[in-house]
Amino acid sequence: MAELHPKLQAIFEEVTRRNAGETEFHQAVTEVLMSLGPVVAKHPEYADNAVIRRLCEPERQIIFRVPWHDDSGTVQINRGFRVEFNSALGPFKGGLRFHPSVYLGIVKFLGFEQIFKNSLTGLPIGGGKGGSDFDPKGRSDAEVMRFCQSFMTELYRHIGEYTDVPAGDIGVGMREIGYMFGQYKRITNRYESGVFTGKGLTWGGSQVRTEATGYGTVFFVDEILRATGQSFDGKRVVVSGSGNVAIYAIEKVHALGGIVVACSDSGGYVVDDKGIDLDILKEIKEVHRGRIDDYVEARGGTSQFVADRSVWEVPCDIALPCATQNEVSGTDAGLLIESGCRIVAEGANMPCTPEAVKLFDQAGVTFAPGKAVNAGGVATSALEMQQNASRDSWTFDETEERLAEIMRRIHDRCLSTADEYGQPGNYVAGANIAGFIRVADAMLALGLV
Ligand code: NDP
């Protein structure tokens, strides 16, 4: 930690002491603090008013029991979380994650990242995140519904369209949002569309929200390519994961002329030199909730499944990690660099370890961080809130054009901020500093709250 500005070093030590054992949260905080040295040197008012210390402490943290009956009538108990991190820019906003690995440290890392991401969108949304250690895999629809209803029976009192607006994340898609929104409506007796985003199109959802994070990721990379006079045409792309973000990233890469040759899930990866067949992938993942190895049987001779190995061993020009945190290790980064990969853009939240990021930097690989790259999801959520507030609904094309424009603005703001602070081309510095300044200025304006 020798590189941290002394004032920031003291803050980091306080964060690790007050949040013992929450390693992902420490990692996310370090990554931001590493960028803020030039900012505190130029703007001592942020340190003097303890803005950064306040930013590292959530406004509110809620932890609760979630009891439910499984199909055999046995009582199951999970733990629910909502971390309302910062509301200087607007109501808390961020997804819910259902995955067995969820604990307070994961929710805090995601909530912390969300503050800067939401700020970068330029839209009026604060940062929050939540979830549960519930594992939806292998559970029946009825079990998922009972879990969601129990989860919402506690969470409903903490959320609202002007307070805190959840959405999806790993393990939470439209089905889960439907069950939670339904329970919220039942308990409160209010059809409050703006309390959730990621809703279905017939019950208050927005066009493009399903596609937004994946599409936005690819729009961002398209901007990186344009900035250096290139395009997706003919580029080999590897995407990790095969969930919501991965599927729509693949769709947009193909639409822009690139070819996605591999994708994965937690069981392994498939490689298909002719390009991943998206109809087959969607059928497996969205319709049947199946496993990636089913792809090979459906696709036939051209593809191959590789169990329990890293998808990053597949050579590519562009890598889009779209699965989960810390999925790209130093070893994986070495493989990517060796195979000639020139751009790594994070569709997932914090998928690259600090070691991997350092190696990309040393090798001159362009690296773009999740809080900028995947901001299209939450940006489109904010567009959904706008449509709900005005009882309006926009067409697919209109919404997609707004998403593309927001991603262009985020990209340009990252580059111009990196330039302003003497680090041209550094997307990490640009995203962290630009995201920070907008929130910090709002916090100063709102007084000591
Ligand atoms: P999904 O649940 O739809 O998909 C997650 C995918 O990642 C699945 O294919 C899953 O495989 C795979 N995965 C999860 N854990 C691991 C692991 N340990 N190793 C390998 N693969 C794994 O989630 P999303 O697509 O919504 O989210 C993916 C990432 O994008 C997350 O980091 C999320 O925070 C981030 N994100 C999502 C947004 C959204 O709008 N959905 C917005 C912004 C960021 P398996 O099924 O085998 O577990």
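Here the structure is a predicted model, which means the values were calculated and not measured.

In this structure, what is going on with the overall build of the protein? I would like to understand it.
If you tally the helices and strands in the protein, you get 18 helices and twelve strands. The C-alpha atoms of the protein give a radius of gyration of 21 Å, which matches the 22 Å a tight globule of 449 residues would have. In the protein, which comprises 449 residues, the share counted as buried stands at 56%. Contacts in the protein between residues at least 24 apart in sequence constitute 72% of all its contacts with a sequence separation of at least 6. Total accessible area on the protein is roughly 17700 Å²; 49% of this is exposed by carbon and sulfur atoms. Treating the 45 positive side-chain charges of the protein as one cloud and the 59 negative ones as another, the clouds have centres 5 Å apart.

Honestly, helix α17 (residues 396-420) in this entry has me stumped. Any pointers?
Between its terminal C-alpha atoms α17 stretches 36 Å, which fits the 36 Å expected from 25 residues at 1.5 Å a residue. Within α17, burial applies to T399, E400, L403, A404, I406, M407, I410, H411, C414, T417 and A418. Contacts made by the buried residues of α17 are with α6 (104-120), α9 (209-227), α10 (244-255), α15 (370-373), α16 (376-389) and α18 (427-446). Looking at the residues trailing α17, positive phi occurs at G422, about 75°.

Explanation requested: the domain arrangement of the protein in the structure shown.
A common measure of how large an interface is: the accessible area buried when the components associate. Split by domain assignment, the protein resolves into domain 1 (1-57 + 433-448), domain 2 (60-188) and domain 3 (211-364). A C-alpha centroid distance of 26 Å is found between domain 1 and domain 2. Facing the 21 residues of domain 1 at the interface are 21 residues of domain 2. Buried surface at the junction of domain 1 and domain 2, summed over both partners, amounts to about 1700 Å²; 66% is from carbon and sulfur atoms. Remark: the boundary between domain 1 and domain 2 carries one salt bridge. The partner of E22 in a salt bridge is K108, and the shortest N-O contact between them spans 2.8 Å. At the junction of domain 1 with domain 2, the criterion picks out seven residue pairs in polar contact (both at pLDDT 80 or more).

Help me out: how do you make sense of the packing of aromatic side chains in this one?
For any pair of aromatic rings, geometry is given as the distance between the ring centres together with the angle between the planes. Tallied over the full model, the rule gives 19 aromatic pairs. With a centroid separation of 5.2 Å and 85° between ring planes, the pair formed by Y46 and F436 is classed as edge-to-face. One end of the pair, Y46, is in helix α4 (residues 44-48); the other, F436, is in helix α18, and 390 residues separate them in sequence. Considered together, Y46 and F436 belong to a single accessibility category, that of buried residues. Through pairs of rings, three or more aromatic residues link up here, namely F64, W68, F98, F134, F147 and F151. Between K42 and the ring centre of Y421, over which it is positioned, the NZ or CZ distance is 4.6 Å. Positioned over the ring face of W394 is R402, at 3.8 Å from the centre of the ring.

Looking at this model, I keep getting lost on the pattern of salt bridges. Mind explaining?
Opposite charge on two side chains makes pairing possible when the charged atoms of those side chains draw close. Enumeration over the complete set of coordinates arrives at 30 salt bridges. Of the charged contacts in the structure, one is a salt bridge between R190 and E192, with a shortest N-O distance of 3.0 Å. Take E192: its relative accessible area is 7%, and that puts it in the buried class. Residues R408 and E401 are paired through a salt bridge, measuring 3.0 Å at the closest nitrogen-oxygen approach. Here the salt bridges do not stand alone but share partners, grouping E31, E113 and K371 into one network.

Would you mind going over the UniProt feature "site: Important for catalysis" (unreviewed entry) in the protein with me for this structure?
In this numbering, the UniProt entry assigns the feature "site: Important for catalysis" (unreviewed entry) to D169. Setting aside anything within four residues of it in sequence, one finds D169 in contact with L96, R97, K129 and N349. Within the local environment of D169, its side chain forms a polar contact with the side chain of K129, the two groups lying 3.0 Å apart.

What exactly am I supposed to notice about the UniProt feature "active site" (unreviewed entry) in the protein here?
In the numbering adopted here, UniProt assigns the feature "active site" (unreviewed entry) to K129. Overall, K129 belongs to the buried group, its relative accessible area being 3%. Filtering out sequence-adjacent residues up to four positions away, K129 remains in contact with R82, V83, G94, G95, V107, L110, G111, Q114, D169 and N349.

For this particular structure, what's the right way to read the site of the ligand?
By nearness alone, 23 residues border the ligand, and D169, T213, S266, R291 and N349 come closest of all. At 2.9 Å, a side-chain N or O of R97 approaches an oxygen atom of the ligand. Here S266 contributes a side-chain N or O atom positioned 2.4 Å from an oxygen atom of the ligand. Taken by itself the ligand offers 890 Å² of open surface, and the protein chains cover 82% of this. Of all the elements in the fold, those that place two or more residues in the shell around the ligand are α9 and α10.

Can you help me understand α16 in this one?
Each α-helix winds once per 3.6 residues, and so residues spaced three or four apart point in a common direction. Along its 14 residues, α16 runs 20 Å from first to last C-alpha, staying within 8% of the 20 Å computed at 1.5 Å per residue. For α16, the tally of buried residues reaches twelve of 14 residues, placing the bulk of the element in the interior. R391 lies just past α16 and shows a positive phi near 50°.

I'm lost on the side chain of E192 in this one. Help?
Residue placement: E192 occurs in the loop between α8 (174-188) and α9. Only 2.7 Å separates the side chain of E192 from the backbone nitrogen of E161, close enough to count as a polar contact. A distance of 2.7 Å separates polar atoms of two side chains, one belonging to E192 and the other to Y184. When near neighbours in sequence (up to four residues on either side) are disregarded, E192 contacts G160, E161, F181 and Y184.

Mind showing me how you'd approach the nonpolar core here?
Note on soluble globular proteins: their nonpolar side chains tend to be buried together. Counting 57 residues, the largest nonpolar core has F220, L320 and I410 as its most contacted members. Ranked by the residues each element gives to this core, the list is headed by α9, at eight residues. Here this core spans two domains, and each of domain 2 (60-188) and domain 3 (211-364) adds at least three residues to it. Residue contacts for I410: discarding those within four places in its chain leaves L120, T121, F220, A372 and A375. Counting 41 residues, the second-largest nonpolar core is a separate cluster that includes I11, A28, V29 and M443.

Rules used in this analysis
Residues numbered from 1 in each chain as written. Predicted model: local features only at pLDDT ≥ 70, side-chain atom pairs only at ≥ 80, totals over all residues. Heavy atoms only, no water. Helix = DSSP H or I, 4+ residues; strand = E, 2+ residues; numbered from the N terminus. Rg over C-alpha atoms; globule rule 2.2 N^0.38 Å. Buried < 20%, exposed > 50% of the residue type's maximum accessible area, 1.4 Å probe, protein only. Contact = heavy atoms within 4.5 Å. Areas by Shrake-Rupley, 256 points an atom, 1.4 Å probe, with all protein chains shown as cover. Lys, Arg positive; Asp, Glu negative; His and termini not counted. Charge placed at Lys NZ, Arg CZ, Asp CG, Glu CD. Expected span 1.5 Å × (residues − 1). Domains from an automatic or database assignment. Buried area = accessible area lost by both parts, 1.4 Å probe. Salt bridge = Lys/Arg side-chain N within 4 Å of Asp/Glu carboxyl O. Polar contact = N/O pair within 3.5 Å; in protein donor to acceptor, adjacent residues only side chain to side chain. Phe/Tyr/Trp six-rings, centres within 6.5 Å; stacked < 30°, edge-to-face > 60°. Lys NZ or Arg CZ within 6 Å of the ring centre and 35° of its normal. UniProt positions renumbered as here; feature names shortened; annotations may be inferred. Near = heavy atom within 4 Å. Core = buried A, V, L, I, M, F, W, Y, C linked by side-chain atoms within 4.5 Å.

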